[in-house]
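# Examining the three-dimensional arrangement
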Amino acid sequence: MMKIKLFLTACLLTAVSFQAAAQDFTEQDPTKHQPRVFPMPVKHLTMHSNVLNCDKNFSVILPKSYDKEPDRKYPVLYLLHGHGENDWEWANIPVSMINERISQVTNDGSAAEMIVVQPNATEYQSGYFNHEGWMYEDYFFKELIPLIERNFRAIPDKGH
């Protein structure tokens, strides 16, 4: 039990130190993707990852009420795409239309409005896990999540 507490404390301290180094993000170049019509506001963004030493794309779907309720905070869903897909396509898969389904379940009240973040795990190397030369989990937890929590009105706890 003591080893677990020490490990968790070390993880927390590492996360706090990475949060101190704020990153910026920019919009992705839309000419590199097929244009789509989205039923909810989608931001296609890019950030530089110090952990991965490259630029990483990600998309953010904002709730319809996001601009209308500037004091409201939202839960966040991190939606991971499958192999061979990317964040841009995942926002608008023709078969399941995830973006439309999210809009439907939040409109009918069967799900809370939320911020949906779709990281891209296909640039440079593929996968959502740490492995030699590709520390994706570290990027995800130490850079992407803190960036989302700083720049969007996310409820920053595990329950949301």
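Look a little higher up for the structure.
Throughout, a residue's number is its position along its own chain's written sequence, starting from 1. In keeping with the model being predicted, local features are shown solely for residues with a pLDDT of at least 70 and side-chain atom pairs are shown and tallied solely at 80 or more, while totals for entire chains, interfaces and linings include all residues. Calculation of side-chain values draws on the structure's entire complement of heavy atoms; hydrogens and water are dropped beforehand.

## Thoughts on the pairing of strand E2 (residues 42–49)
- Between buried and exposed lies partly exposed: a residue is buried under 20% and exposed over 50% of the maximum accessible area for its type, with that area taken using a 1.4 Å probe on protein chains only. The secondary structure listing takes helices from DSSP runs of H or I that are at least 4 residues long and strands from runs of E that are at least 2 residues long, numbered from the N terminus. Among the eight residues in E2, six count as buried, and that is most of the element.
- Pairing geometry for E2 and strand E3 (residues 54–61), over eight bridges, is antiparallel. Pairing of Ser49 across the sheet is with Cys54, part of E3.
- Two strands pair under a simple rule: DSSP has to find at least two bridges between them. Counting the residues in the hairpin turn of E2 and E3 gives four residues, including Asn53, whose phi is positive at 60°.

## Details of helix H4 (residues 136–151)
- The span expected for a helix works out to 1.5 Å for each residue beyond the first. For H4, with 16 residues, the first-to-last C-alpha span of 21 Å sits near the 22 Å given by 1.5 Å per residue.
- Residues Tyr136, Tyr139, Phe140, Lys142, Glu143, Leu144, Ile145, Pro146, Leu147 and Ile148 constitute the buried set of H4.

## Description of the pattern of salt bridges
- One side-chain nitrogen of Lys or Arg within 4 Å of one carboxyl oxygen of Asp or Glu is enough to make a salt bridge. Per the counting criterion, the structure on display carries two salt bridges.
- The partner of Arg72 in a salt bridge is Glu69, and the shortest N-O contact between them spans 3.4 Å.
- The exposure class assigned to Glu69 is partly exposed, which follows from its relative accessible area of 35%.
- Shared partners join several salt bridges into a network, and the residues in it are Glu69, Arg72 and Glu113.

## Considerations on the packing of aromatic side chains
- The criterion for an aromatic pair is that two Phe, Tyr or Trp rings (for Trp, the six-membered ring) have centres within 6.5 Å, with stacked assigned to planes under 30 degrees apart, edge-to-face to planes over 60 apart and tilted to the rest. This model, assessed by the stated rule, comprises six aromatic pairs.
- A centroid spacing of 5.2 Å and a plane angle of 65° characterise the contact between Tyr136 and Tyr139, whose relative ring orientation is edge-to-face. Taken as a pair, Tyr136 and Tyr139 lie in helix H4 at a separation of three residues, close to a single helical turn.
- Overall, Tyr139 belongs to the buried group, its relative accessible area being 0%.
- Three or more aromatic residues link up through ring pairs in this structure, and these residues are Tyr128, Trp134, Tyr136 and Tyr139.

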